[in-house]
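Chain residues, written in single-letter form:
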Amino acid sequence: MLLLTALLAPHVQGQQCNTDVLFLLDASGSVSNAFRSMVKYIVGVANALTIGPGLHRVAILEYSSQERATKWPRIPFDEIKNTSEFVERVQNLPYLRGTTDSGLALKVAADELLPNRRTTGLTVVYVVTDGYYRDDDRVRLQSAEYQRMPNLKVFCAAVPDKFNYHGMQNITRDEENIIAGGNILQKSLDILLPLIGCMRPETTTELTTTTPRVTGCELDLLFMMDFSGSVDNVQRRYVEMASEIVRDLKVDPYFTRVAMVKYSGRDRAEAVFHLKKHSTRDGILAEMNATEYLSGSTWTGSALRYSMDEFSVQNGARPELAKKVAVVFTDGYSQEDPAEAAAAMRATGVVMFAVAIEEDDFPPNMDQLRTIADNEQQVFTTRTFDGLRNRIRQFNENCRS
């Protein structure tokens, strides 16, 4: 690890980094129960990179047995243009099954992928495996070849609880380059921290998806506000309530990111700001309070469908890393049934809350609010609003700075 840090040390913040990262993903039978977790691990590492022309480049080889080698999925360095594209491709990788030939995977990568790396910069190779394979001699031969390649460092990451440490050591030739046990994503990001830090100047006015450390309480929070005519007299109160929630949270690129969508009638949803825009609490509060109100009818379902894109990498979300939460401020009188759209958003892993102003002369439609949030425990009004603040505040507890 000290050697990797030394190789990266000359880079400074704001400077382009010509670092290439290659993933070798074991998809054999021995990792069947952990395969999706291994994919999530790679996504987590990728989200800490700034992938693009002149920046970080990524490649991947998925492998299992020699008999299936012609069908092993390959993504070369020059094919992926941004982080979101890589994440999508990785998440769609199939599980291959079969026995494990890690030595052959190292050879295929050396023959087909590594010739296109940028030798003027550092290449980091992550072999994501449990360390069990049948071609020991070929692993030792290929790992020796990797050691002779200039500006290249090999790491072996074990996601499964059961792993072969000796087999991983044969791949890396260095015990310090074995990542296993505990929070392996955090350990991997700690290794990459010097590389990632040079990519995003601290003076930037817009966040990227780069997140070089894991804090333990990452939160991507979306406020959806019904600014239709039916709630014209309470729009400002919605903003005030959302502001109270924001003041409770640790707003920072590594902790809480906030987005806001306002809506009224059919196809009248509009992003006020995305997750990637604000890195400070004051910036969020200022833009929320300066938002112009809308009027017209209420189409909550249409707004929910529009808002699902707010949790995309392009808009600053951190898939597989941050908890996704949506708070919908509305009176519950949508002219279309929002049930299907709300269920679709929840199916993507978003925790949803519904909030309404409780007035004696115009009570909210509690049935529709329950439809949005899925259960009564996640529906709140002005009388129970402190309960919602406490629920969301819990996402920021036990943070590691």
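Analysis parameters
- Residues numbered from 1 in each chain as written.
- Predicted model: local features only at pLDDT ≥ 70, side-chain atom pairs only at ≥ 80, totals over all residues.
- Heavy atoms only, no water.
- Pairing = 2+ DSSP bridges.
- Helix = DSSP H or I, 4+ residues; strand = E, 2+ residues; numbered from the N terminus.
- Salt bridge = Lys/Arg side-chain N within 4 Å of Asp/Glu carboxyl O.
- Buried < 20%, exposed > 50% of the residue type's maximum accessible area, 1.4 Å probe, protein only.
- Axes fitted to C-alpha atoms, helices over the stretch in contact; angles between N-to-C directions.
- Contact = heavy atoms within 4.5 Å.
- Phe/Tyr/Trp six-rings, centres within 6.5 Å; stacked < 30°, edge-to-face > 60°.
- Parallel < 35°, antiparallel > 145°, perpendicular 65-115°, else oblique.
- Nonpolar A, V, L, I, M, F, W, Y, C, P; charged D, E, K, R; others polar.
- pLDDT = per-residue confidence, 0-100.
- 1 Å grid on protein atoms, 1.4 Å probe; cavity = no way out; pocket = protein on both sides within 12 Å on 5 of 7 lines; lining within 4 Å.
- Points joined across faces, edges and corners; volume = space filled by probe spheres on them.
- Arc of directions from axis to C-beta.

Draft legend 1. Local environment of the pairing of strand S9 (residues 270-273). Looking at chain direction, strand S8 (residues 256-263) and S9 are connected through three bridges and run antiparallel. If you follow Lys262 over to S9, its bridge partner there is Glu270. Hairpin connection between S8 and S9: a loop of six residues separates the two successive antiparallel strands, and Asp267 in this loop has a positive phi of roughly 60 degrees.

Draft legend 2. Spatial organisation of the pattern of salt bridges. One pass over the full model with this rule turns up 22 salt bridges. Glu336 serves as the salt-bridge partner of Arg305, at 3.3 Å between the closest nitrogen and oxygen. Here Glu336 lies in the loop between strand S10 (323-329) and helix H11 (339-347) and Arg305 lies in helix H10 (residues 300-307), a separation of 31 residues in the sequence. Its relative accessible area of 14% is what places Glu336 among the buried residues. By sharing partners, the salt bridges in this structure join Arg237, Glu240, Glu244, Asp248, Asp386, Arg389 and Arg393 into a single network.

Draft legend 3. Inspection of the sheet that holds strand S11 (residues 351-356) at higher detail. Taken in spatial order, the six strands of this open sheet run S9-S8-S7-S10-S11-S12, and their pairing is mixed. Each having just a single partner strand, S9 and strand S12 (379-381) make up the two edges of the open sheet. Between one strand axis and the next, the sheet turns by 25 degrees as a mean value, whatever way the strands run. In this fold helix H8 (residues 235-248) packs onto strand S7 (219-226), S10 and S11, with an angle of close to 170 degrees to the strand it touches most, S7.

Draft legend 4. Geometry of the packing of aromatic side chains. Across all of its chains, the model carries ten aromatic pairs by this definition. With a centroid separation of 5.8 Å and 35 degrees between ring planes, the pair formed by Tyr126 and Phe155 is classed as tilted. Residue Tyr126 is located in strand S4 (residues 123-128), and its partner Phe155 is located in strand S5 (residues 152-158); the two are separated by 29 residues in the primary sequence. For the pair formed by Tyr126 and Phe155, the shared burial category is buried. A centroid spacing of 6.2 Å and a plane angle of 50 degrees characterise the contact between Phe353 and Phe380, whose relative ring orientation is tilted. With a gap of 27 residues between them, Phe353 in strand S11 and Phe380 in strand S12 connect regions that are remote in the sequence.

Draft legend 5. Spotlight on the packing of H8 against helix H9 (residues 281-289). Interhelical geometry of H8 versus H9 gives an angle of 175 degrees and a closest axis separation of 10 Å. As summarised for this structure, H8 and H9 are arranged roughly antiparallel, according to the angle between their axes. The segment H8 lies against H9, with Val239, Ala242, Ser243, Val246 and Arg247 engaging Arg281, Ile284, Leu285, Met288 and Asn289. Residue classes in the contact of H8 with H9 are distributed as six nonpolar, two polar and two charged.

Draft legend 6. Local environment of the sheet that holds strand S6 (residues 178-180). The mixed open sheet is built from six strands, whose spatial order is S3-S2-S1-S4-S5-S6. Lying at the two open borders of the sheet, with one neighbouring strand each, are strand S3 (74-75) and S6. As paired strands, S5 and S6 are joined by three bridges and run parallel to one another. By the bridge assignment for S6, Cys156 is matched with Ile178.

Draft legend 7. The arrangement of unusual backbone geometry in detail. Although it is not a glycine, Arg97 adopts a positive phi angle of roughly 70 degrees. Here Arg97 shows up in the loop between helix H3 (83-91) and helix H4 (102-113). Phi is positive for Asp374, which is not a glycine, with a value near 85 degrees. As for its placement among the helices and strands, Asp374 is situated in the loop between helix H12 (366-373) and S12.

Draft legend 8. Summary view of the confidence of the model for the chain. Considering every residue of the chain, the mean pLDDT works out to 86; 88% of them sit at 70 or more. Put simply, helix H1 (residues 2-8) is where the chain has its lowest mean pLDDT, 33, and H4 is where it has its highest, 97. Overall, residues 1-16 carries pLDDT values under 50, and its contacts beyond four positions in sequence, including any with other chains, amount to 34 contacts. pLDDT under 50 marks residues 197-212. Its contacts with residues more than four places away, or in other chains, come to 56 contacts.

Draft legend 9. How the structure looks around the side chain of Arg389. Tracing the sequence through the fold places Arg389 in helix H13 (residues 385-393). Given the relative accessible area of 19%, Arg389 is considered buried.

Draft legend 10. Structural detail: the layout of surface pockets. The calculated volume of the largest pocket comes to roughly 330 Å³. As for the largest pocket, its lining consists of 17 residues, and the residues nearest its centre are Gln91, Phe311, Ser312, Val313 and Pro319. Looking at the lining of the largest pocket, the elements with two or more residues in it are H3 and S10. No other element matches the four residues that H3 contributes to the lining of the largest pocket. Considering only residue class, the lining of the largest pocket consists of six nonpolar, six polar and five charged.

Draft legend 11. How the structure looks around the packing of helix H2 (residues 35-46) against H3. H3 packs onto H2 with a crossing angle of 175 degrees between their chain directions and a minimal axis gap of 10 Å. As summarised for this structure, H2 and H3 are arranged roughly antiparallel, according to the angle between their axes. Of the residues in H3, those in contact with Arg36, Val39, Ile42, Val43 and Ala46 of H2 are Thr83, Phe86, Val87, Val90 and Gln91. Split into classes, the residues belonging to the contact of H2 with H3 amount to seven nonpolar, two polar and one charged.

Draft legend 12. Region of interest: H11. Turning to H11, its buried residues number three or more, namely Ala341, Ala342 and Met345. End-on, the buried residues of H11 take up no more than an arc of 100 degrees, which puts them together on one face. What points out from H11, more than 90 degrees from its buried face, is the exposed set Glu340 and Ala347. Structurally, H11 contributes buried residues whose contacts are with H10, S10, S11 and H12. Directly after H11, the chain includes Gly349, whose backbone phi takes a positive value near 100 degrees.

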